[in-house]
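What follows is each chain in one-letter form.
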Amino acid sequence: MTAKYDHDAIVIGGGPAGSSFARVAAGAGMDVLVVDKRKEIGVPVRCGEGLGSMDMLKQGLGLPRACYSTEIEGAKVYAPNGKSITWKGKDTGGWVLERKFFDKWLCELAVEKGAKVHTYTRAAGVIKDAKGRPQGVRLSHGGKEPYDVSAPLIVSAEGMESMIARELGFKTVHSLYDVDTCYEYEMKPYDHENLIEIFFGNKAAPRGYVWIFPKADKKANVGIGIGGMVQNGKKQGGLMGADPKPLLDDFVKKNARLKDASTLLDFGGVISVGAPIDEFVKDGCMVVGTAAKQVDPIHGGGIGLAIDGGVMAAGTAIKAHEKKDYSKAVLMEYDSIWRKEKGPALSNHLKLRKVLEKVSDDDLNHVIGALAKEDLDKVMAGDFAKVAAKVLAGRPQMIGVLRGLAP
Ligand SMILES: Cc1cc2nc3c(=O)[nH]c(=O)nc-3n(C[C@H](O)[C@H](O)[C@H](O)COP(=O)(O)OP(=O)(O)OC[C@H]3O[C@@H](n4cnc5c(N)ncnc54)[C@H](O)[C@@H]3O)c2cc1C
């Protein structure tokens, strides 16, 4: 440990990003403290819990049976007119997780490598030196008297809240245009085919979609995410908020397989669907996972990206620790690697999201009707040209909208 500090790194947030950072950094000998304001890691769950198997395979971690509810083979995507396309292949598998066990397992892996974890501990502020460089964090356990803990490196893995990241000077404020507001029920009974189901339609889910993620014992996570600027909500202080719950209720009522199902859990949340923040590091600090808006703009998935971000950041932190130099210049390596490896795919997905939000239900019916499974592979890989040509062959009037996919 660095002599004058209590720890080598303080990680704020024990979600997938923070735990993954801590596992790798502690595994290389760093003294890492993880704090999370929740009383229990992973609880309460606010997530659809879908995770692609490719996301985990590349980490070489395996996945204990208790951490997932169902194995899924792919996805079924529904057009507004009810027609669907099934996306199933060797790379489309994954799981619907039990995040309350998954998040805790990731955190336990960090503890096994030597990281310390303190739950029910909120980071309330940043301690800075005379030059404004972070030196530690002010913590409070269970709302009690705050105390200071020092480290040469502060890692914000705070998820959407990102309050400490903002205090560190990062631009983590979300514009309504670039968030989706979500609502979800866990429901039972629901019969499924080991596929996640995605329902598009401007009336059903404006600038978003409804999802049904199957769980064991005939349960399912049934949720909706809609554009934060969609004006279907109540006027509050002159602003019209997007309210996804009535739309989800409407979907459930109209869905013959769900209308008589019970709800076992319900919650709301917001997720970033915009671009990542413009810098992930400054002197003595890093931002990882959803706090850095490392989220897929097409579907709002951020678990796999949070794990990747945490691992990449830790790789650089280890080098900084060896050099005893936590300057921005050294920490920038993580920023560059992330943008090189993840940036192009996510920027293509953002482009696609912006095109999809301009597409009418009639167009969506045509697009989903015209596509084959191979086309979806291409679209998700950011290879739009051939698929756009195929769509245009049957619907040339979409040329204006599809121009948005041009390189
Ligand atoms: C409704 C909904 C459905 C979703 N469905 C999916 C899905 O199916 N698949 C998918 O991949 N992604 C999904 N996501 C996104 C996913 O949940 C996040 O991207 C993922 O959890 C990000 O991990 P993280 O570690 O960056 O942040 P988080 O998991 O949010 O963890 C951040 C942690 O930081 C803690 N924290 C915050 N501030 C402080 C503080 N000041 N002091 C101490 N602790 C603090 C929090 O308590 C939290 O435990 C969904 C999101 C929502 C809202």
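Predicted model only: the values in this text are computed from it and were never measured. (Residues numbered from 1 in each chain as written. Predicted model: local features only at pLDDT ≥ 70, side-chain atom pairs only at ≥ 80, totals over all residues.)

Enquirer: Just checking my understanding: could you explain the overall build of the protein for this structure?
Expert: Tallying secondary structure elements over the protein gives twelve helices and 21 strands in all. The C-alpha radius of gyration computed for the protein amounts to 22 Å, which stays within 12% of the reference 22 Å derived for 407 residues, consistent with globular compactness. Dimensions of the protein along its principal axes, counting C-alpha atoms only, are 65 × 50 × 45 Å. Expressed as a percentage of its 407 residues, the buried residues of the protein come to 46%. The long-range share in the protein, meaning contacts at least 24 apart out of those at least 6 apart in sequence, stands at 67%. (Helix = DSSP H or I, 4+ residues; strand = E, 2+ residues; numbered from the N terminus. Rg over C-alpha atoms; globule rule 2.2 N^0.38 Å. Buried ≥ 20, exposed ≤ 12 C-beta atoms within 10 Å, placed from the backbone. Contact = placed C-beta atoms within 7 Å.)

Enquirer: Would you mind going over the site of the ligand with me for this structure?
Expert: Every one of the 41 residues lining the ligand counts as a neighbour, but Gly-13, Gly-15, Gly-159, Gly-289 and Gly-302 are closest to it. Breaking the shell around the ligand down by element, the ones donating at least two residues are α1 (16-27), β3 (50-52), β9 (121-128), α4 (163-167), β13 (179-188), β19 (262-272) and α6 (303-323). Split by residue class, the shell around the ligand holds 17 nonpolar, 15 polar and nine charged. Two domains each provide a minimum of three residues to the shell around the ligand, namely domain 1 (9-49 + 98-172 + 277-326) and domain 2 (176-272). (Near = placed C-beta within 6 Å. Nonpolar A, V, L, I, M, F, W, Y, C, P; charged D, E, K, R; others polar. Domains from an automatic or database assignment.)

Enquirer: Would you mind showing me how to read the pairing of strand β1 (residues 9-12) here?
Expert: In regular strands, side chains alternate between the two faces of the sheet. Residues Ala-9 and Val-11 of β1 are buried on one face, and the alternating residues Ile-10 and Ile-12, pointing to the opposite face, are buried as well. Sheet analysis places β1 next to strand β12 (residues 153-156), joined by four bridges and oriented parallel. In the strand pairing of β12, Ile-12 is matched with Ser-156. Relative to strand β2 (residues 32-35), β1 runs parallel, the two being bridged by four bridges. Bridge assignment links Val-11 to a residue of β2, and that residue is Val-34. (Pairing = 2+ DSSP bridges.)

Enquirer: I'm lost on the domain arrangement of the protein in this one. Help?
Expert: Examined at the domain level, the protein breaks down into domain 1 (9-49 + 98-172 + 277-326), domain 2 (176-272) and domain 3 (346-405). Each of domain 1 and domain 3 has a C-alpha centre, and the two are 37 Å apart.

Enquirer: Would you take a moment to explain the sheet that holds β3 for this structure?
Expert: In sheet architecture, strand pairing relies on hydrogen bonds along the backbone and comes in two forms, parallel and antiparallel. The three strands lie next to each other as β3-β7-β4, forming an open sheet whose pairing is antiparallel. With partners counted over all chains shown, the strands left at the sheet margins are β3 and β4 (68-72), one partner each. When strand polarity is set aside, the average angle formed by the axes of neighbouring strands in this sheet is 25°. One ladder, built from three bridges, connects β3 with strand β7 (residues 94-97); its direction is antiparallel. Note that in β7 the partner of Leu-51 across the bridge is Trp-95. (Axes fitted to C-alpha atoms, helices over the stretch in contact; angles between N-to-C directions.)

Enquirer: Quick question: what am I supposed to make of the sheet that holds strand β16 (residues 219-227) here?
Expert: Spatial ordering of the open sheet is given by β6-β5-β14-β15-β16-β13-β19, a layout of seven strands whose pairing is mixed. Both edges of this open sheet fall to β6 (84-88) and β19, since each of them pairs with a single strand only. Recorded for the sheet is a direction-independent mean angle of 20° between the axes of neighbouring strands. Pairing analysis gives five bridges linking strand β5 (residues 74-78) to strand β14 (residues 195-199), with the strands arranged parallel. Opposite Ala-75, over in β14, you have Ile-196 as the bridge partner.

Enquirer: Teacher, can you tell me more about the pairing of β4 here?
Expert: Most of β4 is tucked away: four of the five residues are buried. Here four bridges tie β4 to β7, and the two strands are oriented antiparallel to one another. Bridge pairing links Ile-72 to Gly-94 in β7.

Enquirer: Can you help me understand unusual backbone geometry in this one?
Expert: The phi torsion of most residues other than glycine is negative, and most of the peptide bonds are trans. Note the cis peptide between Val-43 and Pro-44, where omega equals 0°. For the bond running from Lys-188 to Pro-189, omega is 0°, close enough to zero to count as cis. Position of Pro-189 among the secondary structure elements: in the loop between β13 and β14.

Enquirer: Looking at this structure, I do not really get the nonpolar core. What am I missing?
Expert: What tends to happen in soluble globular proteins is that the nonpolar side chains get buried as a cluster. One finds Val-11, Phe-21, Val-155 and Met-286 to be the most contacted residues of the largest nonpolar core, which totals 108 residues. The dominant element in this core, judged by the number of residues it contributes, is α6, at nine residues. (Core = buried A, V, L, I, M, F, W, Y, C linked by C-beta atoms within 7 Å.)

Enquirer: Where do I start with helix α3 (residues 99-112) in this structure?
Expert: What sets the pattern is the α-helix's 3.6 residues per turn: residues three or four places apart point alike. Helix length check: α3, at 14 residues, gives a terminal C-alpha distance of 19 Å against a target of 20 Å (1.5 Å per residue), a fit within 8%. Along α3, the residues classified as buried are Arg-99, Phe-102, Asp-103, Lys-104, Trp-105, Leu-106, Cys-107 and Ala-110. Against α1, β2, β7 and β8 (116-118) lie the buried residues of α3. A positive phi of about 110° marks Gly-114, the residue just after α3. (Expected span 1.5 Å × (residues − 1).)

Enquirer: Any chance you could explain the packing of α6 against helix α7 (residues 328-341) here in plain terms?
Expert: Relative orientation and spacing of two packed helices are given, respectively, by the angle between their axes and the distance between those axes. Packing of α6 against α7 leaves a shortest axis separation of 8 Å and a crossing angle of 155°. What the angle tells us is that α6 and α7 run roughly antiparallel. Helix-helix and strand crossings are classified by hand; for α6 and α7 the assignment is right-handed. Seen from α6, the contacting residues are Gly-309, Met-312, Ala-313, Thr-316, Lys-319, Ala-320 and Lys-323; seen from α7, they are Val-330, Leu-331, Glu-333, Tyr-334, Ile-337 and Trp-338. Grouping the amino acids of the contact of α6 with α7 by side-chain chemistry returns eight nonpolar, two polar and three charged. (Parallel < 35°, antiparallel > 145°, perpendicular 65-115°, else oblique. Left-handed = near helix turned anticlockwise from the far one by under 90°.)

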